[in-house]
Amino acid sequence: MKITLVTLTIACISLLEVVRTLIKFKMDRIGIRAGILWVCLWLGILFFSLFPAKLDFVFNLSSMANRLYFLFLLAIYILFILVFELHSKVETLSHRVSKLNHELAIARYSTECIYSTNEEKATTKTENKNQLEEYSDVSYSNSSTPDQ
Amino acid sequence: LASIQKVVVTLTAFNEAASISAVVESILKQGYSCVVVDDCSEDGTGEIAAKLGAKVVRHTENLGQGWALLTCFKAALLEPFEIIIEMDADGQHNASEIHLFLERLANSQADIVVGSRILGSNHSDANIIRRTFLPYVTGLINFLTGYQITDAMCGFRAFRASSLRNVLPVLNNMLEPQYIASEMFLRFARLGLVVEEVPIHMQNRHSGKSYKGMLRYGFGIARTILRTMLDPKYWRARKP
């Protein structure tokens, strides 16, 4: 194992990134899947920067003539994983935003209805509203309804 | 037949200013209540409907027809209606045919009555792509649900409010609300809801254009069916 300035720098950066990822995970800023992915990635870089000779073993396993091709393929594979993660996250967030908008529209409509009808009708609506709330993530209640 | 006061007609509308007034007027003229979900229109669709006397629910973002339909259901369920009718706001559906749905609901145990463009006489006027693929999509849904309908994608439908109340948790957890029709039939079949159909006659759009790209729509339906079938909640659902 020959330690040069370059390998030492890469090793230090990798170690710092591992610690940073663990802190982020602890502070709940990243999920468990993303945390594991990044820690594995940085630990891999740390390991191969300290033991570059071990890369030969991996290259032989891949049966590729050119080492550069292997590195390119590996990078593309990692990028695919990251894009998939981002795509899933964006899709989930988009669904949540749509649901929030939808719930907001119902809540506003519910409030408008309560204002615009007489007390008897409003009571019936409140009963139905309570039933909707039972299955919903948001409250349709308004603190300043006329019957309060 | 359900009393007219217990029937609400819901419309989902996005930039339908040119046609909404005729549709809302034809509904109100017959004495039905009307709820319009304005899916963030930029041409004053919601304001026009409100001026005519319809109740308007507004989305602050354009969420698509499926989400708007879910909003319709929930808005209608806030009031003590017994029957909820769903119609298109572009004038393609004829409000004078609403009574067909009400009669079928009154004379059967159906929870949902679907309009069928195939059983109606003017299906041959439909877009050729839609005419070609509709039987396949409907056939697939029939195969998966056990229903025997001829037009699963028709937007002219009637629902018993009590049945929708019973399946509210399912409506709240739809995986793909933008392609609600296919997912709704799959899930409702698991819950034992009865579906029947009546022939309807389509009219030409008063104006505007459809925002459903056929290829994207077809892909969306396929994805929705696949996702629903892979959802453990779908398989856990049982008839009450």
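Throughout, residues of each chain are indexed from 1 in the direction in which the sequence is written. Each chain is given a letter, starting from A, and each ligand a number, starting from 1, according to the order in which they appear as written. Given that the model is predicted, a residue must reach a pLDDT of at least 70 before its local features are reported, and side-chain atom pairs must reach 80 or more before they are shown or counted; all residues, however, enter totals for whole chains, interfaces and linings. Where side-chain values are given, they derive from all heavy atoms of the structure, hydrogens and water being excluded.

Caption draft 1: Representation of the overall build of chain B. Within chain B, the secondary structure is distributed over 10 helices and seven strands. Residue burial in chain B is summarised as follows: out of 240 residues, 54% are buried. Partitioning the intrachain contacts of chain B with sequence separation of at least 6 by distance along the chain shows that 76% fall at a separation of at least 24. Using the Shrake-Rupley algorithm and a 1.4 Å probe, accessible areas are obtained, with residue cover drawn only from the displayed protein chains. A total accessible area of about 10300 Å² is found for chain B, and carbon and sulfur atoms account for 55% of it. Elements are defined by DSSP. Helices are runs of H or I of four residues or more, strands are runs of E of two residues or more, and each kind is numbered from the N terminus. Here's how the labels work: a residue is buried when its accessible area is under 20% of the maximum for its type, exposed when over 50%, partly exposed in between, all with a 1.4 Å probe on protein chains only. It only takes one pair of heavy atoms within 4.5 Å for two residues to be counted as in contact.

Caption draft 2: Representation of the confidence of the model for chain A in the model. Residue and element names in this part refer to chain A. The pLDDT score gives, residue by residue, the confidence of the prediction method on a 0 to 100 scale. Residue-level pLDDT values for chain A average 79, and 78% of them are 70 or greater. Within chain A, the lowest mean pLDDT, 60, falls on helix α5 (residues 119-134), and the highest, 90, falls on helix α1 (residues 5-26). When the criterion is pLDDT under 50, residues 140-148 qualifies, and its contacts beyond four places in sequence or with other chains add up to 19 contacts.

Caption draft 3: Representation of the interface of chain B and chain A. Taken together, the contact pairs 27 residues of chain B with 24 residues of chain A. Of all residues in chain B, the largest losses of buried area upon contact with chain A belong to W67, K74 and L78 of chain B, amounting jointly to 30% of the total for that side. In the sections that follow, a salt bridge refers to a side-chain nitrogen of Lys or Arg positioned within 4 Å of a carboxyl oxygen of Asp or Glu. Where chain B packs against chain A, one counts two salt bridges. Ionic pairing is found between R223 of chain B and E91 of chain A, a salt bridge with its closest N-O pair at 3.6 Å. Throughout, buried area stands for the accessible area (probe radius 1.4 Å) lost by two parts on being put together, summed over both.

Caption draft 4: Here's a closer look at the packing of helix α1 (residues 17-29) of chain B against helix α2 (residues 45-52) of chain B. Residue and element names in this part refer to chain B. What counts as an axis is a line fitted to C-alpha atoms, over the stretch in contact for a helix, and the angles between N-to-C directions run from 0 to 180 degrees. Closest axis-to-axis distance for the α1/α2 pair is 9 Å, and the angle between their directions is 25°. Considering their axes alone, α1 and α2 lie roughly parallel with respect to each other. Judged by the twist between their axes, the crossing of α1 over α2 is right-handed. Across the interface between the two elements, A17, I20, S21, V24, E25 and L28 of α1 pack against T45, I48, A49 and L52 of α2. Lys, Arg, Asp and Glu make up the charged group, whereas Ala, Val, Leu, Ile, Met, Phe, Trp, Tyr, Cys and Pro make up the nonpolar group; the residues left over, Gly among them, are polar. Each residue belonging to the contact of α1 with α2 can be placed in one class, and the counts come to seven nonpolar, two polar and one charged. Any angle from 65 to 115 degrees is called roughly perpendicular, while one under 35 is roughly parallel, one over 145 is roughly antiparallel, and all others are oblique. Crossing handedness is read from the near helix: turned anticlockwise from the far helix by less than a right angle, it gives a left-handed crossing, and turned clockwise, a right-handed one.

Caption draft 5: Region of the structure containing a nonpolar patch on the surface. Patch rule: a residue counts if its relative accessible area is over 30% and it has no salt bridge; like charges are joined within 9 Å, and nonpolar side chains (Val, Leu, Ile, Met, Phe, Trp, Tyr) within 5 Å. A surface patch of nonpolar side chains, amounting to about 690 Å² of accessible area, comprises M64, L68, Y69, L71, F72, L73 and L74 of chain A. Along the chain, the position of L68 of chain A falls in helix α4 (residues 67-116).

Caption draft 6: Just the side chain of T145 of chain B, in detail. Residue and element names in this part refer to chain B. Among the secondary structure elements, T145 is positioned in helix α5 (residues 128-145). We call two N or O atoms a polar contact when they sit within 3.5 Å, provided that within protein one can donate a hydrogen and the other can accept it, with sequence-adjacent residues counted only if both atoms are side-chain atoms. Of the polar contacts made by the side chain of T145, one reaches the backbone nitrogen of Y147; its length is 3.2 Å. What T145 contacts, discounting residues up to four positions off in sequence, is F185, L186 and A189.

Caption draft 7: Representation of the pattern of salt bridges. Residue and element names in this part refer to chain B. Scanning the model with the defined rule gives 12 salt bridges over all chains in all. Between R187 and D231 there is a salt bridge, and its shortest N-O distance comes to 2.9 Å. Taken together, the positions of R187 in helix α8 (residues 180-190) and D231 in the loop between α9 (214-230) and α10 (232-236) put the pair 44 residues apart, joining distant regions of the chain. Residue classification places R187 among the buried positions, given a relative accessible area of 7%.

Caption draft 8: Representation of unusual backbone geometry within the structure. Of note in this structure, D28 of chain A is not a glycine but carries a positive phi near 65°. Position of D28 of chain A among the secondary structure elements: in the loop between α1 and α2 (32-50). On the accessibility criterion, D28 of chain A (68% relative accessible area) is exposed. The backbone of N15 of chain B shows a phi angle near 50°, a positive value even though the residue is not glycine. In this fold, N15 of chain B is placed in the loop between β1 (7-13) and α1.

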